[in-house]
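Breakdown of the fold
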Amino acid sequence: MRLLPYGPCAVLAEFDSLAEVMAAAAWWRAAGLPGVVEVVPAARTVLICHDETFDRASLTAPAGGGAPVVSDGAAATVVIDTDYDGADLGWIAAHTGLSPADVIELHSGATYTVAFCGFMPGFAYLVGLPPALYLPRRATPLTRVPAGAVAIADEFAGVYPRESPGGWHLVGRTTAVLWDDHREPPALLPPGTTVRFRPR
Amino acid sequence: MIHVRSWGIASAVVDAGHPGRAWLGQSRGGAVDREAHALANRLVGNPPALAGFETSGALALTFDSATMVCVTGALAEVTVEHGPPVGWGQPTVLPSGARLRIGRLLEGARTYVGVRGGCELLAPDAVQVGADPGDPAAGQGAPRHPLRDVVRVWPGPRLDWFVPGTWEQLLTTEFTVGATSRVGVRLSAPPFVRSRHGELPSEGLVEGAMQVPPAGHPIIMLADHPVTGGYPVVAVADPVDLAVVAQAAAGTVLRFRPAERR
């Protein structure tokens, strides 16, 4: 773990792997370190935002380094009911050498964990995608991906909370509400949450 | 009720935002110049987070009941019909039927209109005024300080992705504001030069982070910044000077100085 300076109210912890990021973010969030106001995981970093009572010496890497941890969302698995009728199923099948039915079976058979959020409110980057489905994102993003689109790109799976442009490959759609301002927390899939997709 | 006759330029009903949601993908949002927003609230007797108007000009409002307002932030041409004059930083009761117009901005980038009781958008052009907060309004107006153009900065997490001398370049260069939005302020000056190339995996951003896209011209993040970004952050504005960044209008010049531990 390397700690990088980020002004008087934040510090950026950099790691070598996403697994270490997830472990550290879950650990620090659960620890409730005094003075910490935000723990923001990303691909290789965890941003710690803090107030003036925070002691940087308290920011130690979790024991066990990058060992998988029981996520703080493990108490409940969120199941996303999914219609597997995505526009890219055929393309994904062609580029993985699988049949569309195999793609659906692999995608819905896996158990995912939210590594981090970003891109837009409630957009969760899920790890746990079977490696046979790893595909680079589109060279040219779609100008319009519908809300609820269930998609994959690189080693991630995700669901679009609202309509937006997007570069991921569409496998299906869900009616689940990914973001609700009147819910606490507003995101259905905070970092650490365990997620499964169920064909409908 | 307040009727919005014209929303004008980049106007919105804003509150103090919602810190603590970056891990869910949402930045703070709310007023870009939080100090000016809070000042407007304080002067009309509101709690600091209540919603009011933010505008970059040409906002026209009609009040259908007597309402106390206060204008802060950027100095603007303010006109009132069917009511008393509204000076900068002066809490003023507008009578029913009064029309308030925030015209052209004269100095700064964002003007705030605090409304006693706060605001809630009910329809595209109808704003409900909230219940009276009970606390007294300020007994006198606030003094208006001249706009500052110096921003204190800290080294950013990726300063070492730039050639030696970049920190000194930041501190000795005048930066012209190209454009400002709720997302950030785009600056132009001789470009920063990267020493390390290749992609940076997206990482967390804070308000005030100075991101440098490939062309070398920095962007300072404001209230609606994306929660993560993939351009290296060369420096970070001290939070005490975020209002300076928030009020930096296109064409103005900003300078940077090293911040010191308080």
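In what follows, the structure referred to is the one given above.
All figures in this text were calculated on a predicted structure; none of them were measured in a lab.

Quick look at the interface of chain A and chain B
- Taken together, the contacts link 34 residues of chain A with 26 residues of chain B.
- Buried surface at the junction of chain A and chain B, both sides included, amounts to about 2300 Å², of which 64% is carbon and sulfur.
- A per-residue breakdown of the area chain A buries against chain B is headed by Y6, P8 and E38 of chain A, which together make up 26% of the total.
- Here chain A is connected to chain B by two salt bridges.
- Between D181 of chain A and R21 of chain B there is a salt bridge, with its nearest N and O atoms 3.3 Å apart.
- There are seven residue pairs in polar contact (both at pLDDT 80 or more) connecting chain A and chain B.
- When residues of the side of chain A that touches chain B are traced back to their parent elements, those giving at least two are strand 1 (2-5), strand 2 (10-14), strand 3 (36-41) and strand 4 (45-50) of chain A.
- With five residues, strand 3 of chain A is the single largest residue contributor to the side of chain A that touches chain B.
- Partitioning the side of chain A that touches chain B into residue classes produces 24 nonpolar, four polar and six charged.

Points about the packing of helix 2 (residues 89-96) of chain A against helix 3 (residues 100-109) of chain A
Residue and element names in this part refer to chain A.
- Where helix 2 contacts helix 3, the axes come no closer than 8 Å and their chain directions differ by 95°. Judged by the inter-axis angle, helix 2 sits roughly perpendicular to helix 3. Residue-level inspection shows L89, I92, A93 and T96 of helix 2 in contact with helix 3, the latter providing P100, V103 and I104.
- Considered class by class, the residues forming the contact of helix 2 with helix 3 number six nonpolar, one polar and no charged.

A short note on the packing of aromatic side chains
- Within this structure, the stated rule accounts for 15 aromatic pairs over all chains.
- A centroid spacing of 6.1 Å and a plane angle of 90° characterise the contact between F119 of chain A and Y160 of chain A, whose relative ring orientation is edge-to-face. With a gap of 41 residues between them, F119 of chain A in the loop between strand 6 (112-117) and strand 7 (124-127) and Y160 of chain A in the loop between strand 10 (156-159) and strand 11 (164-166) connect regions that are remote in the sequence.
- Using a relative accessible area of 1% as the deciding quantity, one classes Y160 of chain A as buried.
- Both rings, one in F123 of chain A and one in W168 of chain A, keep their centres 5.1 Å apart while their planes meet at 90°; by these two values the pair is edge-to-face. Of the two residues, F123 of chain A is situated in the loop between strand 6 and strand 7 and W168 of chain A in the loop between strand 11 and strand 12 (169-173); the sequence distance between them amounts to 45 residues.
- Residue classification places W168 of chain A among the buried positions, given a relative accessible area of 3%.
- Among the aromatic residues, ring-to-ring pairing joins F116, F119, F123, Y125, F156, Y160 and W168 of chain A into one connected group.
- Sitting over the face of the ring of W23 of chain B, R29 of chain A holds its NZ or CZ atom 3.4 Å from the ring centroid.

Procedures and definitions
Residues numbered from 1 in each chain as written. Chains lettered and ligands numbered in written order. Predicted model: local features only at pLDDT ≥ 70, side-chain atom pairs only at ≥ 80, totals over all residues. Heavy atoms only, no water. Contact = heavy atoms within 4.5 Å. Buried area = accessible area lost by both parts, 1.4 Å probe. Salt bridge = Lys/Arg side-chain N within 4 Å of Asp/Glu carboxyl O. Polar contact = N/O pair within 3.5 Å; in protein donor to acceptor, adjacent residues only side chain to side chain. Helix = DSSP H or I, 4+ residues; strand = E, 2+ residues; numbered from the N terminus. Nonpolar A, V, L, I, M, F, W, Y, C, P; charged D, E, K, R; others polar. Axes fitted to C-alpha atoms, helices over the stretch in contact; angles between N-to-C directions. Parallel < 35°, antiparallel > 145°, perpendicular 65-115°, else oblique. Phe/Tyr/Trp six-rings, centres within 6.5 Å; stacked < 30°, edge-to-face > 60°. Buried < 20%, exposed > 50% of the residue type's maximum accessible area, 1.4 Å probe, protein only. Lys NZ or Arg CZ within 6 Å of the ring centre and 35° of its normal.

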